[in-house]
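# Inside the fold
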Amino acid sequence: MTPLLRDQFERLALRLAELDAILADPAVAADPQRWRTLSREQSEVRGVVERYRRYQQREADLAAAQEMQAHEEDREMAEMAREEIAAAGADLERLQFELQTALIPRDPDDERNAFLEIRAGTGGDESALFAGDLARMYLRFCERQGWRTEVLSQSDAEIGGYKELVLRIAGERVYEQLRFESGGHRVQRVPATESQGRIHTSACTVAVMPEPDEAEEVQLNPAELRIDTFRASGAGGQHVNKTDSAIRITHLPTGLVAECQDDRSQHRNKAKAMAVLAARLREKDRSERAAKEAATRKSLIGSGDRSDRIRTYNFPQGRLTDHRINLTLYKLGTIMDGDLSDVVTALHAARGAEQLAQLESGGR
């Protein structure tokens with residue numbers, strides 16, 4: 001373990017002592033919200049500090065066993081020392097990984113619900129059909145996770161699929177699971193309209209944005225918004241189509257637009273469109289920060305920029321390739337049916353490995 005990491009764990013030990021003292025103050029106990037926040041931090045820090053003390057103890061055990069092996073003449077005792085050296089070494093390796101993982105900063109957005117947008121790109125009708133396939137894949141994945149989904153807006157293509165679809169997904173750690181889906185998704189297959197059996201390439205873009213808190217939504221300046229009402233089209237029932245209940249909100253400084261037409265209530269549609277717009281503004285700010293960081297350090301996962309070609313779906317070969325981590329899986333059928341677990345797990349493992357490498361190098 002590097003001296004830098006040891007310093008971080010020693011600082012956590014000091015923080016634990018500080019938290020113990022703070023929580024012993026009756027004035028803190030009288031403030032339930034503050035007490036819960038500090039208690040949660042205390043529990044997390046204590047777990048890390050206790051693991052670090054265990055690591056230090058096993059370091060001492062290893063040193064003692066090595067000393068015994070070096071000077072012990074009794075064969076049986078020397079064998080015991082060798083066994084202890086092996087056991088302590090394995091424990092130290094496991095504990096170091098656990099400790100490093102505990103230091104990885106958590107993104108507070110990971111706990112949030114998310115908005116998922118799918119837009120047809122290059123490829124015309126085939127791109128719209130692929131957008132429909134992606135929508136089905138994500139909806140099936142949401143079903144497997146037990147998440148709730150809601151269509152906020154959709155623009156259907158003439159021959160099927162979507163020109164654009166916006167979903168709200170609610171459940172446990174939605175954004176954490178879906179955050180790496182943002183980017184360009186490319187498909188290679190023979191379109192249904194292709195008479196000569198030629199493989200075509202088309203693409204869609206996917207954007208996943210954490211749903212902002214209500215407190216963040218109201219920070220939008222009304223003077224910077226243009227709100228238009230229009231008559232909803234497509235699915236939604238006869239009542240929806242007879243009233244101007246659909247809402248389109250334009251953020252004038254950036255040109256970002258959000259709309260919602262799924263509810264017969266204009267008020268509820270406006271609230272949902274405001275939430276989507278707030279999420280898009282937050283994502284724009286996040287992307288700009290990521291682009292600046294990428295200028296000095298190439299990210300393994302990528303910035304999430306929608307122009308990135310992150311993944312290829314090759315139907316003739318039954319192959320999915322995620323280009324960010326060089327992952328190739330020959331199970332495209334099950335993936336398109338919503339089994340994204342292998343892809344999601346691999347992307348998170350790659351991100352964790354990159355973050356651990358940064359910790360070990362001091363964040364350079």
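Above this text you will find the structure in question.
Residues numbered from 1 in each chain as written. Predicted model: local features only at pLDDT ≥ 70, side-chain atom pairs only at ≥ 80, totals over all residues. Heavy atoms only, no water.

### Comments concerning the packing of aromatic side chains
We apply this condition: Between rings of Phe, Tyr and Trp, where Trp is taken as its six-membered ring, a pair exists when centres lie within 6.5 Å; planes separated by under 30 degrees are stacked, by over 60 edge-to-face, and by other angles tilted. Per the convention used, a helix needs a DSSP run of H or I reaching at least four residues, while a strand needs a run of E reaching at least two, with both numbered from the N terminus. The buried label goes to any residue with under 20% of its type's maximum accessible area, the exposed label to any with over 50%, and the partly exposed label to all in between, with areas taken from a 1.4 Å probe on protein chains only. In our convention, an over-ring charge means Lys NZ or Arg CZ found within 6 Å of a ring centre and within 35 degrees of that ring's normal.
Applying the stated criterion to the full structure yields 3 aromatic pairs. Between the aromatic rings of F130 and Y313, the centroid separation amounts to 5.3 Å while the plane-to-plane angle is 65°, which identifies the pairing as edge-to-face. Note that F130 is positioned in helix α5 (residues 125-145) and Y313 in strand β9 (residues 309-314), a separation of 183 residues in sequence. Side by side, F130 and Y313 carry an identical accessibility label, which is buried. In this structure, R189 is placed above the aromatic ring of F315, and the distance from its NZ or CZ to the ring centre is 4.8 Å.

### Points about the sheet that holds strand β11 (residues 327-329)
How we decide: For two strands to pair, DSSP has to find at least two bridges joining them. Interaxial angle, 0 to 180 degrees, is taken between N-to-C directions of lines fitted to C-alpha atoms, where a helix line uses only the stretch in contact. Here, two residues are considered to be in contact whenever any of their heavy atoms come within 4.5 Å of each other.
Strands sit in the order β2-β3-β1-β5-β4-β9-β10-β11 across an open sheet of 8 strands; the sheet is mixed. Of all the strands in the sheet, the pair left with one neighbour each is β2 (148-156) and β11. Along the sheet, successive strands turn relative to each other by an average axial angle of 15°, direction set aside. When strand β1 (residues 114-120) meets strand β3 (residues 162-170), the two strands line up antiparallel, connected through 6 bridges. The partner of L116 across the bridge, within β3, is L167. Running over the sheet, α5 touches β1, β2, β3, β4 (183-189), β5 (200-210) and β9 and is turned about 110° from β4.

### A few points about the sheet that holds strand β8 (residues 256-260)
Overall, antiparallel pairing links the 3 strands, which are arranged β6-β7-β8 in an open sheet. What marks the edges here is a single partner per strand, and that holds for β6 (225-230) and β8. Direction aside, neighbouring strands of the sheet carry axes that sit 15° apart on average. Bridge count for strand β7 (residues 246-251) against β8 is 5 bridges, and the pairing is antiparallel.

### A few points about a nonpolar patch on the surface
Which entries qualify depends on this criterion: Surface patches are drawn from residues lacking salt bridges whose relative accessible area is over 30%; two like charges belong together within 9 Å, two nonpolar side chains (Val, Leu, Ile, Met, Phe, Trp, Tyr) within 5 Å. All accessible-area figures derive from a Shrake-Rupley calculation using a 1.4 Å probe, and residue coverage is judged against the displayed protein chains alone. Whenever Lys or Arg places a side-chain nitrogen within 4 Å of a carboxyl oxygen from Asp or Glu, that contact is recorded as a salt bridge.
On the surface, M68, M77 and M80 cluster together into a nonpolar patch covering about 250 Å² of accessible area. Mapped onto the secondary structure, M77 falls in helix α4 (residues 75-103).

### With respect to unusual backbone geometry
Both trends apply: most residues other than glycine have a negative phi, and most peptide bonds are in trans. A positive phi is found at R173, a non-glycine position, where the angle reads about 50°. Tracing the sequence through the fold places R173 in the loop between β3 and α6 (174-178). Taking relative accessible area as the criterion, R173 reaches 26% and is therefore assigned partly exposed. Notably, N326 is not glycine yet its phi reads approximately 55°, a positive angle.

### So, the nonpolar core
The following threshold applies: Residue types Ala, Val, Leu, Ile, Met, Phe, Trp, Tyr and Cys, when buried and joined through side-chain atoms within 4.5 Å, form a set referred to as a nonpolar core.
In this structure, L116, L134 and Y313 are the most contacted members of the largest nonpolar core, which totals 36 residues. Per element, the largest residue contribution to this core is 8 residues, and it comes from α5. Residues in contact with L116, not counting those within four places in the same chain, are Y138, L165, V166, L167, I169, L178, V206, A207 and V208. Judged by nonpolar contacts, the second largest core, of 18 residues, contains L152, V166, L220 and A275.

### Quick notes on the packing of helix α1 (residues 3-23) against helix α3 (residues 32-71)
The condition is simple: Any angle between 65 and 115 degrees counts as roughly perpendicular, while under 35 counts as roughly parallel, over 145 as roughly antiparallel, and the rest as oblique. What makes a crossing left-handed is the near helix being turned counterclockwise from the far one by less than a right angle; a clockwise turn instead makes it right-handed. Throughout this entry, Asp, Glu, Lys and Arg are counted as charged residues, while Ala, Val, Leu, Ile, Met, Phe, Trp, Tyr, Cys and Pro are counted as nonpolar. The remaining residues, Gly among them, count as polar.
Contact geometry of α1 with α3 gives a least axis separation of 8 Å together with a crossing angle of 140°. Between α1 and α3, the angle falls in the class oblique. In this structure, the crossing between α1 and α3 has a hand that is left-handed. Here the contact of α1 with α3 is composed, by residue class, of 14 nonpolar, 3 polar and 9 charged.

### Structural notes on the environment of L320
Inspection of the secondary structure assignment puts L320 in strand β10 (residues 319-322). For the pair L320 and I335, spaced 15 residues apart in the sequence, the C-alpha separation amounts to 8.4 Å. Beyond its immediate sequence surroundings of up to four residues, L320 is in contact with R311, T312, Y313, L327, T328, L329, L332, I335 and V343.

### A short note on the side chain of Q188
Its location among the elements puts Q188 in strand β4. Given the relative accessible area of 19%, Q188 is considered buried. Discounting chain neighbours no more than four positions away, the residues touching Q188 are I199, H200, T201, T312, Y313, N314, F315, P316 and R319.

### Brief notes about a negative patch on the surface
As a reminder, the rule being used: Neither His nor the chain termini are counted; the positive set is Lys and Arg, and the negative set is Asp and Glu. For the purpose of locating charges, the reference atoms are NZ of Lys, CZ of Arg, CG of Asp and CD of Glu.
Taken together, E72, E73, D74 and E76 make up a surface patch of like negative charges. By secondary structure assignment, the location of E76 is in helix α4.

Honestly, that's just the spatial picture; any functional story needs more than this.
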